[in-house]
Amino acid sequence: MPAKLQEYVTRIEALGKQLGLEYYPVDFELVPPSFMMEVAVYGLPVRMPHWSFGVRWIYQMVQHKMGHSRIFEVVFPGNPNRAYLVNNNTIEENCLVTAHVLGHADFSHNNLLFVNSQRQAGYHIVEQAAAHAHRIDEAVEIAGQRRVEAVLDAALALEQHIDIHYPINRPDYPPPKKPAEPPPPDEFHHRFAHLPGSEPPKPRATGPIETHIPPHPEADLLWFIARYGPALEDWERDIFLAVREESFYFQPVFNCQIMNEGWASYWHARILREADFLPSELYLNAMKTHSDVVRPYGTDKQIALAINPYHLGFNIWERVVADYGIDGARRVMKEEDDFGFIRNYLSAELAQDLDLFVYEAKRDGEVRVTESNLHELHEAIIGPKYNFGAPRVLVDDLRADGTLVLRHDHNSDGRGLEPQRAQRVLEYVHKIWRRPVILYTVDARGEEECLRA
Amino acid sequence: MSLSDTLAGEHGNRWYDLFSRGTRDWLRHNEKIREAVNKALPDLIAHSDVLSRPEDRTVQVPVRFMEHYRFRLLNPQQQKGAGQGKVQPGDVLRPGQGRGEGAQGSGGNEEGGVSFVMEFKVDDILDWLWEELQLPNLKPREGSQVEIEDYIREGWDKKGARSRLDRRRTIKQAVKRRAVQGESAVPITNDDLRFRQLVKRQQPTTNAVVFFLLDVSSSMDDHCRKLAKTFFFWALQGIRRQFVRVETVFIAHTIEAWEFQEEEFFKVHGEGGTQSSSALQKAIEIASERYDPSRYNSYLFYASDGDNFMEDRHRARAALEALAPRMNFLGYAEVSGRHHQRLNTEVGVLFRRLQEQGAPCGSYAISNEADIWPAIKAFFTQQAEEAA
């Protein structure tokens, strides 16, 4: 790292602490853009190999070549945080990015979802993911690429289907309770059993207790398959659990994106504003970059059909700080995720100031702005984020012959699953489950539909 | 201070420069596509226009990115989203496009919808095909005088031209000698040198000539030509696999016959009737002028819709019978848009007669793309049997 930048980084950190940021130490590293591109695709610097990442990577390459995307930084929460800056950024950009990273570090240290996820998935996700990748490479050596790929096809297809309400090292379902012993005979029970005019009670059934697995519909498909799959080998279970562990890390990142990016943008703007040690020219250039990052539309457009999370988050945080003070804002930062953040703090007034609107896209491609109230706007923003962005598919039953019965909760999703894709996913799962796999959902008319593999 | 300090030396060579995970996974994706394409290959090639650029010896096949499937909700009739900008309720931001193209509008990042062109080497395709269709390899005609003298490598000597130094043998000799002589031995001496030697031997010739005869009379429409062209192409590729040097002769005919260059050959359109004998005569002329049967393996393919003038029957038959002994194999492809062919046409009957007389020949009816592969397969299998 150039000495100049190193010096600024030290002073920016000091200023951040002074302004009340709390975080685990941050390791900064300068990396080439190609590295950033891979991080953007894989989500982690070293991650398990899978051909589907290759497809995303080529998209990213094409987009990058066409100049549509630029990645400034990426930071992985943990202790220490690992922050990567692009080595061909200007020093202005990297000053801004440093302050931005501190905002992220503060967020991940304090936000309860992040705190919980780190306590669960560990403080070294970068190294852990690299270790998973290494273990999978070993599995390839032993079992061969085809078999490992089949496991990853299934596990990564179910990547979003976890349940963070249970701990990451989740115990098995509790064994069914034994029926209570009949109470010892005494005077009362004797008289109770022989009430005048009533039949004597039948003796309780004493056969084996009916156990149903799962005891309740199970959302954590990765865990369930790893734990209850009738014919998985150990290394296959291991891969499922590795994917699950990474999902535990990704989930809060996904659920807090607007808040987190907004928070970091708020802090880079504030830190740079208060950093009197930066030359004024550097500050100006950095603020130019800032306004590029948090602007709502592309350069030549007046209307965007998606909301820039940096822009939206930044503006909500400015408003929250103005209304509740910085301590109030910090409390909000700790306790909310995007769902609560949008519902509670994106007011009608702010939505109007920001020109937010709701549109309807029809199948034929027509996009029309609709009359909408605040609630509809909130739902349009956070709708795609429910349930980690995936349809709710639950394990319904594990039959005695090993058949896995999945059920899609179409009521809460509002409509059924797309049958061709669902069928393919079932085929992935079936290869690993090695017993019949059944999925119930509804078709376009709302009639129950049963897919089998 | 960070990963790079612990994992890399001072001068670059950082750990992440050593490999690109993105490239690795992208290549794996392409490999999977190749496997998938491989399975559907005969279909794909029959339909793609492989012959438009025969000099490249590659085939371009459009393929889609593979999609890693996940559970997804049914496409709703209307999808709501949030946007930003100065608009009024009721504004139409993007007009509908009528029917179809639906998914494009709602999700621009539809990965499944993007396709790209993959290039396959014709040689690779042939290898796959030979494996897939379990085709036998062609053999040069045996028992004939199709032999030439050639130098081949045989044995080693201590003297020879430098270019024929066999390094492996030389080192082996040196190792053996040093093992005997012990510590003080010189690494390599002149005595260790081994040179490959050449001797003259009779070799079956590896030259081949392929005659392509095409009926271009007005009854041969574009569909027929395309079938003929595809059949010719793959037959030729198969022959190329076996022989070092393959020469080609292209003859088109109506009631007259002309020789053409490859590029023009398939563009020729003729008028009027059909006399097969003209082309067969032409082939005889060219064969006797340029291709000495003792030096060339000769193949002949004739594509026609089967019509021939009645009065030409005897001449055609005579010409075929004259031609047959010169050829390793004669193939007749009857192309037409009609189904239910039984090779009962004029030309079909001619070739059947010839086959009954024990000449090495075969007939194939091709009325659509799907018939091409069975025809190719039949040709190579039959040819191998004849040669054996």
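All figures in this text were calculated on a predicted structure; none of them were measured in a lab. (Residues numbered from 1 in each chain as written. Chains lettered and ligands numbered in written order. Predicted model: local features only at pLDDT ≥ 70, side-chain atom pairs only at ≥ 80, totals over all residues.)

Caption draft 1: Here's a closer look at the overall build of chain A. When helices and strands are counted, chain A shows 18 helices and nine strands. In terms of overall dimensions, chain A has C-alpha extents of about 95 × 55 × 50 Å along its principal axes. Put simply, chain A has 453 residues, and 41% of those count as buried. Nonlocal contacts in chain A, meaning residues at least 24 apart in sequence, comprise 74% of its contacts between residues at least 6 apart. (Helix = DSSP H or I, 4+ residues; strand = E, 2+ residues; numbered from the N terminus. Buried ≥ 20, exposed ≤ 12 C-beta atoms within 10 Å, placed from the backbone. Contact = placed C-beta atoms within 7 Å.)

Caption draft 2: View of the overall build of chain B. The helix and strand inventory of chain B stands at twelve helices and twelve strands. Counting every position in chain B, which comprises 388 residues, the buried fraction comes to 30%. In chain B, the proportion of contacts linking residues at least 24 apart, taken out of those at least 6 apart, comes to 78%.

Caption draft 3: View of the environment of A:Val74. Residue and element names in this part refer to chain A. With respect to the secondary-structure elements, valine 74 resides in strand β2 (residues 73-76). We classify valine 74 as buried; it has 21 C-beta atoms within 10 Å. It is 9.1 Å that separates the C-alpha atoms of valine 74 and valine 86, two residues lying twelve residues apart in sequence. Aside from chain neighbours lying at most four places away, what touches valine 74 is Met36, Val39 and Tyr84.

Caption draft 4: Structural detail: the nonpolar core. A:Leu102, A:Ala155, A:Leu222 and A:Ile239 are the most contacted members of the largest nonpolar core, which has 124 residues in total. Here A:Leu102 is in contact with A:Ile12, A:Glu13, A:Gly16, A:Leu21, A:Tyr23, A:Val26 and A:Trp267, once residues within four sequence places are set aside. Core analysis: the second largest hydrophobic core is formed by 57 residues, B:Leu227, B:Ala252, B:Ala287 and B:Leu323 among them. (Core = buried A, V, L, I, M, F, W, Y, C linked by C-beta atoms within 7 Å.)

Caption draft 5: Representation of helix α9 (residues 221-228) of chain A within the structure. Residue and element names in this part refer to chain A. Counting buried residues in α9 gives six out of eight residues, a clear majority hidden from the surface. Turning to α9, its buried residues are Leu221, Leu222, Trp223, Phe224, Ile225 and Ala226. Here the buried face of α9 lies against α7 (145-157), α10 (234-255), β6 (393-398) and α18 (419-433).

Caption draft 6: Seen up close, the sheet that holds strand β8 (residues 437-442) of chain A. All names here are of chain A. Pairing within the open sheet is mixed, and its four strands lie in the order β6-β7-β8-β9. With partners counted over all chains shown, the strands left at the sheet margins are β6 and β9 (448-452), one partner each. Ignoring strand direction, the axes of neighbouring strands in this sheet form an average angle of 25 degrees. As paired elements, β6 and strand β7 (residues 404-408) share five bridges and run antiparallel to each other. Residue valine 395 lies in a different strand from β7, and its bridge partner there is leucine 406. In the packing of α18 onto the sheet, contacts are made with β7, β8 and β9, and the angle to β8 comes to roughly 160 degrees. (Pairing = 2+ DSSP bridges. Axes fitted to C-alpha atoms, helices over the stretch in contact; angles between N-to-C directions.)

Caption draft 7: Focus on the interface of chain A and chain B. Each partner contributes to the interface: chain A provides 63 residues, whereas chain B provides 54 residues. At the level of secondary structure, the elements contributing two or more residues to the side of chain A that touches chain B comprise β1 (26-31), α2 (33-42), α3 (51-65), α7, β4 (356-362), β5 (367-370), α16 (374-382) and α18 of chain A. Of the residues in the side of chain A that touches chain B, the class split is 39 nonpolar, eight polar and 16 charged. Pairing analysis gives seven bridges linking β4(A) to strand β2 (residues 78-84) of chain B, with the strands arranged antiparallel. From the neighbouring strand, A:Leu356 faces β2(B), where its bridge partner is B:Gln84. (Nonpolar A, V, L, I, M, F, W, Y, C, P; charged D, E, K, R; others polar.)

Caption draft 8: Just unusual backbone geometry, in detail. All names here are of chain A. Of note, the amide linkage connecting asparagine 79 to proline 80 takes the cis form, showing an omega dihedral of 0 degrees. Mapped onto the fold, proline 80 is located in the loop between β2 and β3 (81-86). Going from isoleucine 213 to proline 214, the amide bond is cis rather than trans, its omega being -5 degrees. Within the element layout of this structure, proline 214 appears in the loop between α8 (187-193) and α9. In the Ramachandran plot, aspartate 355 falls in the positive-phi region, its phi being about 60 degrees despite a non-glycine side chain. Positionally, aspartate 355 belongs in the loop between α15 (348-353) and β4.

Caption draft 9: Representation of α16(A) within the structure. Taken together, the buried positions of α16(A) are A:Ala380, A:Ile381 and A:Ile382. Buried residues in α16(A) make contact with α14 (338-345) and β4 of chain A together with β2 of chain B.

Caption draft 10: Representation of the environment of A:Gly103. All names here are of chain A. Positionally, glycine 103 belongs in helix α4 (residues 91-110). A count of 27 C-beta atoms within 10 Å places glycine 103 in the buried class. For the pair glycine 103 and aspartate 186, spaced 83 residues apart in sequence, the C-alpha to C-alpha distance is 69 Å. In contact with glycine 103, not counting residues within four places along its chain, are Trp263, Ala264, Tyr266, Trp267 and His268.

Caption draft 11: Structural view of the sheet that holds β4(A). Read from one edge to the other, the open sheet built from four strands follows the order β2(B)-β4(A)-β5(A)-β3(B), with strand pairing classed as antiparallel. Each edge of the open sheet carries a strand with a single partner, namely β2 and β3 (92-94) of chain B. Mean inter-strand twist for the sheet, computed between neighbouring axes without regard to direction, equals 35 degrees. Summarising the sheet, β4(A) and β5(A) pair through four bridges and their orientation is antiparallel. The residue bridging A:Ala361 from the neighbouring strand is A:Val367, located in β5(A). Taken strand by strand, α16(A) contacts β4 of chain A together with β2 of chain B, and its axis lies near 100 degrees from that of β2(B).

Caption draft 12: Quick peek at the pairing of strand β12 (residues 361-366) of chain B. Residue and element names in this part refer to chain B. Burial analysis of β12 places five of its six residues in the buried class, the great majority of the element. Pairing analysis gives six bridges linking strand β11 (residues 329-335) to β12, with the strands arranged parallel. Counterpart to glutamate 334 in the pairing with β12 is alanine 365.

Caption draft 13: Up close: the pairing of β7(A). All names here are of chain A. The side-chain alternation of β7 yields one buried face, formed by Leu404, Leu406 and His408, and one unburied face, formed by Val405 and Arg407. Remark: five residues form the turn of the hairpin made by β6 and β7, two consecutive strands paired antiparallel; glycine 402 in that turn has positive phi of roughly 90 degrees. Here β7 runs beside β8; their pairing, made up of four bridges, is parallel. If you follow leucine 406 over to β8, its bridge partner there is leucine 439.

Caption draft 14: Looking closely at the confidence of the model for chain B. Residue and element names in this part refer to chain B. Averaged over all residues, the pLDDT of chain B equals 76, while 75% of them reach at least 70. Ranking the helices and strands of chain B by mean pLDDT puts helix α6 (residues 167-181) first, with 91, and helix α4 (residues 102-106) last, with 35. In the model, residues 1-13 has pLDDT below 50 throughout and makes ten contacts with residues more than four positions away in sequence or in other chains. Among the scores for the predicted complex, ipTM is 0.87 and pTM is 0.71. (pLDDT = per-residue confidence, 0-100.)

Caption draft 15: Seen up close, the packing of α9(A) against α10(A). Residue and element names in this part refer to chain A. Running from N to C, α9 and α10 point in directions that differ by 160 degrees, and their axes come no closer than 9 Å. What the angle tells us is that α9 and α10 run roughly antiparallel. As α9 runs across α10, the sense of the crossing is left-handed. Facing Leu222, Trp223, Ile225 and Ala226 of α9, the residues of α10 in contact are Arg237, Phe240, Leu241, Val243 and Arg244. Here the residues of the contact of α9 with α10 sort into seven nonpolar, no polar and two charged. (Parallel < 35°, antiparallel > 145°, perpendicular 65-115°, else oblique. Left-handed = near helix turned anticlockwise from the far one by under 90°.)

Caption draft 16: Region of interest: the packing of α4(A) against helix α11 (residues 257-274) of chain A. All names here are of chain A. Between α4 and α11, the least distance of the axes is 7 Å, while the angle of their chain directions is 130 degrees. Classed by the angle they form, the pair α4 and α11 counts as oblique. Seen from above, α4 lies across α11 with right-handed handedness. Contacts between α4 and α11 pair Leu96, Ala99, His100, Leu102, Gly103, His104, Asp106 and Phe107 from the former with Asn260, Trp263, Ala264, Ser265, Tyr266, Trp267, His268, Ile271 and Leu272 from the latter. Looking at the contact of α4 with α11 residue by residue, the classes come out as ten nonpolar, six polar and one charged.

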